[in-house]
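# Fold and geometry: a report
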Amino acid sequence: MDVRKTYKLFVNGEFVRSESGRAYRPDGNVNVPRGSRKDLRDAVRAARTALGGWAGRTAMNRGQILYRAAEMLDGRTAQFVELLGGGVKARREVEQAVEVLVWYAGWTDKLQQVTGTVNPVSGPYFNFTIPEPTGVVAIIAPEEQALLGLVRRLAPVLCGGNVVVALAAETQPLAALTLAEVLATSDVPAGVVNILSGQRKELLPWLASHMDVNAIDAAGCTPDEVKAIEESAASNVKRVIKLTESEQSPYLIAAFMEMKTVWHPIGV
Amino acid sequence: MAITKKQSTALAKQVFEYAPAPEAIDHVKVQPHYGLFIGGKWVEGHSKKRFPTINPATEQKLADVVEADEVDVDRAVKAAGKAFDSWGRLAPSRRARYLFRISRLLQERSRELAVVETMDGGKPIKESRDVDIPLSAAHFFYYAGWADKLEWAFPNRKPRPLGVAGQVIPWNFPLLMLAWKIAPALAAGNTVVLKPAETTPLSAMLFAEICMQAELPPGVVNIVTGAGKTGSLVVTHPDVKKVAFTGSTEVGKLIQRSIAGTGKRLTLELGGKAANIVFEDAPLDQAVEGIVNGIYFNQGHVCCAGSRLLVQESIAEPLLEKLKRRLSTLRLGDPLDKNTDIGAINSRAQLDKIRGLVESGIEEGAELYQPECVLPERGFWFPPSLFTNVSQSYRIAREEIFGPVLSVLTFRTPNEAVEKANNTPYGLSAGVWTDKGSRILWMAERMRAGVVWANTFNRFDPTSPFGGYKESGFGREGGLHGLLPYVDLS
């Protein structure tokens, strides 16, 4: 007889039930917490608190942690294949998710070299531009490819030093909630990634209008959802990123970053 | 020991008297009326509405322009759309040549442009002559060179233009903002419909003439005049693929909302409330000049103005002493006079806004200092002002005044300076004054702002990206990064 797992939200490094006490059964059997506005606000607060520590780590250290996540995910391949319905397709999805994590793990300490510049200004200044994390990023996981879809969006955002509040795919949240277990054992500091399950329709407006969320990844959203997000996002000039789901590039990492230009004086 | 108003008058008397040195205006011809620049020529508006643009220093009318309506904007966008078919496919090296040409023409007509800019906007001639116009020409020169090198800017991609860009610019640096918008757009192969601000359309009208002189293909640049309504028609037009706006955060939010779900690309360069931070080891005299430049440059009509001075407590008194003394030597008056430091406020509406916020500062309990300063009878003027005894919660410490008004706050430790500097929804720029290089970089790392100036302020360069964090907007203008908003990398 199995010892079954209770699926929980992942907030501030802890596995918690929804404060609302609600659950839903996307596959008709397993109870999944139905996150509330309050859960979401807790998650944003946890993320904001974790930002300084994560953004302040060395690029190499962030790379090592992302690589560690790839290792942990790889080690649980069988579990994820089963969660994703088994078969070749599921196996390929898990393999690709591992590959994506490894790919971005290698970008952390190169991004600045590729997207930063030293600018030849007319004057006695050392003038340079470097990318910095935007801050708290909300990710709406695509409904397709419950694991890979989320990992593809999560990895570049973390790579850039941002912190995340992610909404798991509503119809198949188990892979995302289980991914939390991977992250929890990969030295990702508490609060850096927060994963909520629940109803998109209910949570999306709160996420899009939250004044302490700096950017939203809307790749997994329908056109109507994108419109609603963009309308609410204007309340604090959020960046709404819509690069396609298949995008895998330093341009995607940089989309979640701010370019800072510094004028440093030169003189004796 | 605080300087009283009486003492400041005495100080002001110690400075040299200057004879008037007005810039000649006889070489400048402003037409009494301007139409719209659409499809490479002047056309009369479908809209019969016209409005005057005045000289804010004299309140005299300079010219009439059209308040473009829906039909006018549609014509302009159609003309740009038609031009895009060939401009987007033109050999990039030819696009470069047109931009180089425009840059040269701006240099050749620089004095004329400077005078018009000053008459239409109220800024001191020494600023339009030495900053606005040379930087505008430099901006075109810089992006001209990018036109045929885009693939080196974006590794692994084939950058393609987006189409018609709708651009709306502010009144504080009319020609420079035009250059920031048009140069990268054209370099990347887009065509544009640009709407200049309603109080400062004239340099854009001269720029239209320059486009004709350069024989730029018709429709590549279209300029429609008008106020907010016209601007909103430009950005919401369904054929406009890219929207670029520089202006207030309030309007920026409206635009972001108004184009939600349309798939248009958007960049916003919005307001600011920059901290200018002076540490005790800073060279004080140099810092005073930087503070003055930071907040009184262009009458404080600068989105990245250093409007919050954060002074380390240990030097607050001597620094303020020096600053007040310096304020009393600033020369306010005729913007066309070459010795003028502070020109006219751009419009009556802006003057009212500044007055309102200054009154709120007094009401909330801050202490106002203004040097003895005679304001001309006609025109819109506001003396250089500074507030001490300012709390972070006061409106003058939180809201963008966009005028020559400085709020002074103090701090004790570097961490406190960072905390206070970042305590704002804005994040456009910041300044640090210290003799210590490591501290400059330490501070720069922690400031949530797109541009950090160290031991300088309000410095711009076409190679140097500019733009905000947080509610100061997104996207960069200038430098390699300034190309990104105008290319499709997919």
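It should be emphasised that the depicted structure is a prediction, and the values quoted were computed from it without experimental measurement.

Quick look at the overall build of chain A now. For chain A, the helix and strand inventory stands at ten helices and twelve strands. Looking at chain A as a whole, 53% of its 268 residues are labelled buried. Within chain A, counting contacts between residues at least 6 apart in sequence, those at least 24 apart form 75% of the total.

This next bit is on the sheet that holds strand β5 (residues 60–66) of chain B. All names here are of chain B. On the basis of which strands lie adjacent, the open sheet formed by three strands has the order β1-β5-β4 and mixed pairing. The sheet terminates laterally at β1 (33–34) and β4 (50–55), the two strands that pair on one side only. Where β1 lies against β5, two bridges are found, and the strand directions are parallel. Residue pairing for β5: His33 is matched across the bridge by Asp64.

In terms of nonpolar packing, the biggest core is built from 181 residues, with Leu101, Leu147, Val164, Ala166, Ala176 and Ile216 of chain A together with Leu99 of chain B touching the most fellow members. Top contributing element to this core by residue count: helix α7 (residues 174–187) of chain B, with eleven residues. In this view, Ala166 of chain A contacts Ile139, Ala141, Leu150, Leu154, Ala176, Val193, Asn194 and Ile195 of chain A; residues no more than four positions away in its chain are not counted. In terms of nonpolar packing, the next biggest core, distinct from the first, is built from 74 residues, Leu320, Leu332, Ala421 and Val451 of chain B among them.

Residues and elements named next belong to chain B. Where α7 contacts helix α8 (residues 202–213), the axes come no closer than 8 Å and their chain directions differ by 50°. Between α7 and α8, the crossing angle belongs to the class labelled oblique. Considering the relative orientation of α7 and α8, their crossing is right-handed. Only Ser203, Ala204 and Phe207 of α8 make contact with α7, whose side of the interface consists of Pro174, Leu175 and Leu178. Within the contact of α7 with α8, the residues separate by chemical class into five nonpolar, one polar and no charged.

Right, let's talk about the interface of chain A and chain B for a bit. Taken together, the contact pairs 27 residues of chain A with 33 residues of chain B. Those elements that provide at least two residues to the side of chain A that touches chain B are β5 (117–119), β6 (125–133), α9 (223–233) and β12 (257–265) of chain A. Sorting elements by how many residues they give to the side of chain A that touches chain B places β12 of chain A first, with eight residues. Residue classes in the side of chain A that touches chain B are distributed as twelve nonpolar, nine polar and six charged. Here β12 of chain A pairs with strand β18 (residues 451–454) of chain B via three bridges, running parallel.

With that out of the way, let us pick up helix α4 (residues 87–105) of chain A. Residue and element names in this part refer to chain A. Here α4 is 19 residues long and its end C-alpha atoms lie 28 Å apart, about the 27 Å a rise of 1.5 Å per residue gives. Looking at α4, one finds that the buried residues are Glu93, Val94, Ala97, Val98, Val100, Leu101, Tyr104 and Ala105. Each buried residue of α4 lies within a common arc of 155° when the element is viewed along its axis, so the set occupies one face. Every exposed residue of α4 that faces more than 90 degrees away from the buried side is listed here: Val88 and Lys89. Contacts from the buried residues of α4 go to α2 (59–75), α3 (77–83) and α6 (148–159).

All names here are of chain A. Where burial is concerned, most of strand β7 (residues 136–140) is hidden: five out of the five residues are buried. Burial along β7 is two-sided: Val136, Ala138 and Ile140 and Val137 and Ile139, pointing in opposite directions, are all buried. Direction of pairing for β7 relative to strand β8 (residues 163–167): parallel, over a ladder of five bridges. Looking at the pairing, Ala138 lines up with Val165 of β8. You can see the chain leave β7, run along α6 and come back into β8, and the turn it takes is right-handed. Looking at chain direction, β7 and strand β10 (residues 215–217) are connected through three bridges and run parallel. Across the sheet, the residue bridging to Ile139 is Asp217, located in β10.

Residues and elements named next belong to chain B. One non-glycine residue, Asn298, lies in positive phi territory at about 55°. Within the secondary structure, Asn298 sits in the loop between α11 (284–296) and β13 (308–312). Of the residues examined, Asn298 has 25 C-beta atoms within 10 Å and is grouped as buried. For Lys470, which is not glycine, the phi dihedral falls at a positive 45°. Given 25 C-beta atoms within 10 Å, Lys470 falls into the buried group.

Turning next to the packing of α11 of chain B against helix α12 (residues 316–327) of chain B. Residues and elements named next belong to chain B. Running from N to C, α11 and α12 cross one another at 55°; their axes reach a closest spacing of 10 Å. Taken as axis vectors, α11 and α12 run oblique relative to one another. In terms of crossing hand, the pair formed by α11 and α12 is right-handed. For the pair α11 and α12, the contacting residues are Leu284, Asp285, Ala287, Val288, Ile291 and Val292 in the first and Pro318, Leu319, Lys322, Leu323 and Arg326 in the second. Here the contact of α11 with α12 is built from residues that sort into eight nonpolar, no polar and three charged.

Moving on to helix α1 (residues 37–55) of chain A. Residues and elements named next belong to chain A. Its 19 residues give α1 an end-to-end C-alpha distance of 26 Å, which sits within 8% of 27 Å, the value for a rise of 1.5 Å per residue. Maximal helix bending in α1 amounts to about 30°, located at Thr49. If you check which residues of α1 are buried, you get Asp39, Leu40, Asp42, Ala43, Val44, Ala46, Ala47, Ala50 and Trp54. Check the buried side of α1 and you find it contacts β1 (9–11), β7, β8, β9 (193–196) and α8 (200–209).

The strand order β5(A)-β6(A)-β12(A)-β18(B)-β17(B)-β12(B)-β13(B)-β16(B)-β15(B)-β14(B) describes an open sheet built from ten strands, whose pairing is mixed. Of all the strands in the sheet, just β5 of chain A together with β14 (367–369) of chain B have a single pairing partner and so form its edges. Here the strands of the sheet are splayed against their neighbours by 20° on average, with no regard to which way each runs. Inspection of the sheet shows β13 of chain B paired to strand β16 (residues 405–411) of chain B by five bridges, in the parallel sense. Bridged to Arg308 of chain B within β16 of chain B is Ser407 of chain B. Sheet contacts for helix α13 (residues 348–364) of chain B: β14, β15 (385–388) and β16 of chain B; angle to β14 of chain B, the most-contacted strand, approximately 130°.

Turning to the confidence of the model for chain B, a few remarks are in order. On average, chain B scores 96 in pLDDT, and the residues at 70 or more come to 97%. Taken over the whole predicted complex, pTM reads 0.96, whereas the ipTM for its chain interfaces reads 0.96.

Residues and elements named next belong to chain A. Assignment of secondary structure puts Pro26 in the loop between β3 (23–24) and β4 (32–33). It is 32 Å that separates the C-alpha atoms of Pro26 and Ala234, two residues lying 208 residues apart in sequence. What Pro26 contacts, discounting residues up to four positions off in sequence, is Val32, Glu170, Thr171, Gln172 and Pro173.

Rules used in this analysis
Residues numbered from 1 in each chain as written. Chains lettered and ligands numbered in written order. Predicted model: local features only at pLDDT ≥ 70, side-chain atom pairs only at ≥ 80, totals over all residues. Helix = DSSP H or I, 4+ residues; strand = E, 2+ residues; numbered from the N terminus. Buried ≥ 20, exposed ≤ 12 C-beta atoms within 10 Å, placed from the backbone. Contact = placed C-beta atoms within 7 Å. Pairing = 2+ DSSP bridges. Core = buried A, V, L, I, M, F, W, Y, C linked by C-beta atoms within 7 Å. Axes fitted to C-alpha atoms, helices over the stretch in contact; angles between N-to-C directions. Parallel < 35°, antiparallel > 145°, perpendicular 65-115°, else oblique. Left-handed = near helix turned anticlockwise from the far one by under 90°. Nonpolar A, V, L, I, M, F, W, Y, C, P; charged D, E, K, R; others polar. Expected span 1.5 Å × (residues − 1). Arc of directions from axis to C-beta. Right-handed = clockwise from strand over helix to strand, strands pointing away. Bend = angle between axes of the 7 residues up to and from the residue. pLDDT = per-residue confidence, 0-100.

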